[in-house]
Amino acid sequence: MRIPFGPAIGALAGMMLAAGIARAEDYTIGYSQFWGTNPFLVTMANGAKKAIGEWAEKGVKIDMLLTNGGDTDTTKQVADLEDLFAQGVQGLILFPGDSIVLAEPVKNIYNKENIPVVVTDIGLQSGSWDTFIITDNYAGGQSAADLMAKTVPAGAKVITFDHAPGNDNAQMRQKGFEDRAKELGLSVQPEKFLKLSLEEGRKLMEDTLVAIPDIKGVFFFNQAVAQGAAAALAAANRTDVQLVSFDLDPVSYQMVKDGKILGLVVQDPFKMGYEGMNSMVTKLQGGTPVARMDIPTRMLTKDNAAEFADDPQVTGK
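Keep in mind that what you see is a predicted model, and the values were worked out from it rather than measured.

Engineer: How do you make sense of the overall build of the protein chain when you look at a structure like this?
Structural biologist: In terms of regular secondary structure, the protein chain is built from 11 helices and 13 strands. Relative to the 2.2 N^0.38 estimate, which gives 20 Å for 317 residues, the radius of gyration of the protein chain is 21 Å and therefore close to what a compact globule would have. Taken over the C-alpha atoms alone, the protein chain extends approximately 75 × 40 × 30 Å along its principal axes. Considering the protein chain as a whole, with its 317 residues, one finds that 52% of them fall into the buried category. Sequence separation of at least 24 residues holds for 75% of the intrachain contacts in the protein chain that already meet a minimum separation of 6. Per element, the accessible surface of the protein chain, about 13,600 Å² overall, is 54% carbon and sulfur. Charge-centre separation for the protein chain: the mean point of 29 positive side chains lies 2 Å from the mean point of 39 negative side chains.

Set out below in structure tokens:
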């Protein structure tokens, strides 16, 4: 824990910071993740760990308390934030599973106690934070529609499978996809809702093939759901339906190479975790971190798959 210091020591610390010398100090920082076993979140945590290693070389020791959020349980993630506060963290880095639900403990605990907050990737609809690091989700959704339109017939029916109606990022992805798909002349069908799992993706794809037999394209917010849908298409021998999703893992990477998924909108979670930790330590040391950082996406297809072979989300490193 940090020890309060008097005016003389504070003035000396200020001079050290002004001279660009990091203060040798220990910090306990909480990192609350939703679905922390997902390769995307594992990669994000690894980025934070890299930053921790670099700070250690400067004499700044960081103890990161990483919580998983009960995989896909937002109630558990709220409890995680309460537990981290009880453990005396001096800063909170947050990947929220829900933009509304997780805003409450941020406002009612961390903001009230003036504990710094850094948000990585998914935004909050209320409360305050010191740094927000996010993917340009709207543009990512647009790129998914661009790829889809190049592959499916003109005017083809396309649809979004939505597992995250309370997630700001997911909704921006959907809006980007649907706005661009309409611009390109595709027939956008009303979205369908499902739970976030491979099995749910499989079941909803089966149902959709019955309800909309001439469907030609599906857009997903997460690769696990897309993998389930691909299994349903393979079982039905429907090679005419194209799948495009956000996010990458070793399985989806191979599925793109095998032609089972048309493309993946790839984010940079390693950089999110890395910059998120750097922003937090900068704040704790009295500096002013960047308020917002927008990170662009890249599109992974069969044609450029080799360029992503060393991505941490593929290699696990």
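Engineer: Before we go on, may I ask you to explain helix α3 (residues 74-86) in this structure?
Structural biologist: Side chains of residues three or four places apart in an α-helix project in the same direction, reflecting 3.6 residues per turn. With 13 residues, α3 should cover 18 Å at 1.5 Å per step; its first-to-last C-alpha distance of 19 Å lies within 8% of that length. All of the buried residues along α3 are Q77, V78, D80, L81 and L84. Viewed along the axis of α3, the buried residues span an arc of 150 degrees, placing them on a single side of the element. The outward face of α3, more than 90 degrees from its buried face, is lined by the exposed residues T75 and A86. Buried residues along α3 sit against β1 (26-33), β2 (61-67), β3 (91-95) and α4 (103-111). Once α3 ends, the next one or two residues include G88, with phi positive near 80 degrees.

Engineer: Mind showing me how you'd approach the pairing of β2 here?
Structural biologist: Consecutive residues of a regular strand have side chains that alternate between opposite faces of the sheet. As paired elements, β1 and β2 share 7 bridges and run parallel to each other. Among the inter-strand pairings, G30 is bridged to a residue of β2, identified as L65. For the handedness criterion, the β-α-β arrangement of β1, helix α2 (residues 39-57) and β2 is classed as right-handed.

Engineer: I keep staring at the packing of aromatic side chains and nothing clicks. Help me out?
Structural biologist: Going through the model one piece at a time under the given rule, you end up with 7 aromatic pairs. For the ring pair F85 and Y110, a centre distance of 6.2 Å and an interplane angle of 75 degrees mean the geometry is edge-to-face. Of this pair, F85 sits in helix α3 while Y110 is found in helix α4, placing the two residues 25 residues apart along the sequence. Given a relative accessible area of 33%, F85 falls into the partly exposed group.

Engineer: What exactly am I supposed to notice about helix α9 (residues 250-257) here?
Structural biologist: Within α9 the residues assigned to the buried category are S252, Y253, M255 and V256. Burial along α9 is one-sided: seen end-on, the buried residues are contained in an arc of 160 degrees. Where α9 is buried, its residues meet α8 (223-236), β11 (263-266), β13 (298-301) and α11 (312-315). Two to three positions downstream of the cap, the backbone nitrogen of V251 sits 3.2 Å from a side-chain oxygen, assigning the N-cap of α9 to D249. Looking one or two residues past α9, G259 carries a phi angle of roughly 80 degrees, positive in sign.

Engineer: I would appreciate a short explanation of the sheet that holds strand β4 (residues 117-120) in the present structure.
Structural biologist: Taken in spatial order, the 6 strands of this open sheet run β2-β1-β3-β4-β5-β12, and their pairing is parallel. Since the sheet does not close on itself, it has two edges, and those belong to β2 and β12 (292-295), each with one partner. Taken over all neighbouring pairs, the strand axes of this sheet differ in orientation by 15 degrees on average, direction set aside. Inspection of the sheet shows β4 paired to strand β5 (residues 131-135) by 3 bridges, in the parallel sense. Across the sheet, V119 pairs through a bridge with F132, a residue of β5. Sheet strands touched by α3: β1, β2 and β3. Its angle to β1, the strand with the most contacts, is close to 170 degrees.

Engineer: What should I look at first to understand the side chain of S32 in this one?
Structural biologist: Within the fold, S32 resides in strand β1. When near neighbours in sequence (up to four residues on either side) are disregarded, S32 contacts T67, Q77, D80, L81, L84, L92, I93, L94 and F95.

Engineer: Would you take a moment to explain the pattern of salt bridges for this structure?
Structural biologist: Once their charged atoms are close, side chains differing in charge can pair, the charge on each being opposite to the other. For the coordinates displayed, the defined rule picks out 13 salt bridges. Note that K157 is salt-bridged to D214, the shortest N-O span being 3.2 Å. With K157 in strand β6 (residues 157-162) and D214 in the loop between α7 (198-211) and β9 (215-220), the pair connects residues that are 57 residues apart, well separated along the chain. Overall, K157 belongs to the partly exposed group, its relative accessible area being 27%. Relative accessible area serves as the criterion here: at 37%, D214 is assigned to the partly exposed category. In this structure, R292 engages D294 in a salt bridge whose closest nitrogen and oxygen atoms are separated by 2.9 Å.

Engineer: Help me understand the packing of helix α5 (residues 137-151) against helix α6 (residues 168-183), please; the structure alone is not making it clear to me.
Structural biologist: Angle between the axes and distance between the axes are the two parameters that describe a pair of packed helices. Between α5 and α6, whose axes approach to 7 Å, the crossing angle comes to 40 degrees. On the basis of their axis angle, the class for α5 and α6 is oblique. Between α5 and α6 lies a crossing of right-handed hand. Residues N137, Y138, G141, Q142, A144, A145, D146 and M148 of α5 touch α6, and the partners they reach there are N169, M172, R173, K175, G176, F177, D179, R180 and A181. Looking at the contact of α5 with α6 residue by residue, the classes come out as 7 nonpolar, 5 polar and 5 charged.

Here is what the cut-offs are and how they apply
- Residues numbered from 1 in each chain as written.
- Predicted model: local features only at pLDDT ≥ 70, side-chain atom pairs only at ≥ 80, totals over all residues.
- Heavy atoms only, no water.
- Helix = DSSP H or I, 4+ residues; strand = E, 2+ residues; numbered from the N terminus.
- Rg over C-alpha atoms; globule rule 2.2 N^0.38 Å.
- Buried < 20%, exposed > 50% of the residue type's maximum accessible area, 1.4 Å probe, protein only.
- Contact = heavy atoms within 4.5 Å.
- Areas by Shrake-Rupley, 256 points an atom, 1.4 Å probe, with all protein chains shown as cover.
- Lys, Arg positive; Asp, Glu negative; His and termini not counted.
- Charge placed at Lys NZ, Arg CZ, Asp CG, Glu CD.
- Expected span 1.5 Å × (residues − 1).
- Arc of directions from axis to C-beta.
- Pairing = 2+ DSSP bridges.
- Right-handed = clockwise from strand over helix to strand, strands pointing away.
- Phe/Tyr/Trp six-rings, centres within 6.5 Å; stacked < 30°, edge-to-face > 60°.
- Polar contact = N/O pair within 3.5 Å; in protein donor to acceptor, adjacent residues only side chain to side chain.
- Axes fitted to C-alpha atoms, helices over the stretch in contact; angles between N-to-C directions.
- Salt bridge = Lys/Arg side-chain N within 4 Å of Asp/Glu carboxyl O.
- Parallel < 35°, antiparallel > 145°, perpendicular 65-115°, else oblique.
- Left-handed = near helix turned anticlockwise from the far one by under 90°.
- Nonpolar A, V, L, I, M, F, W, Y, C, P; charged D, E, K, R; others polar.

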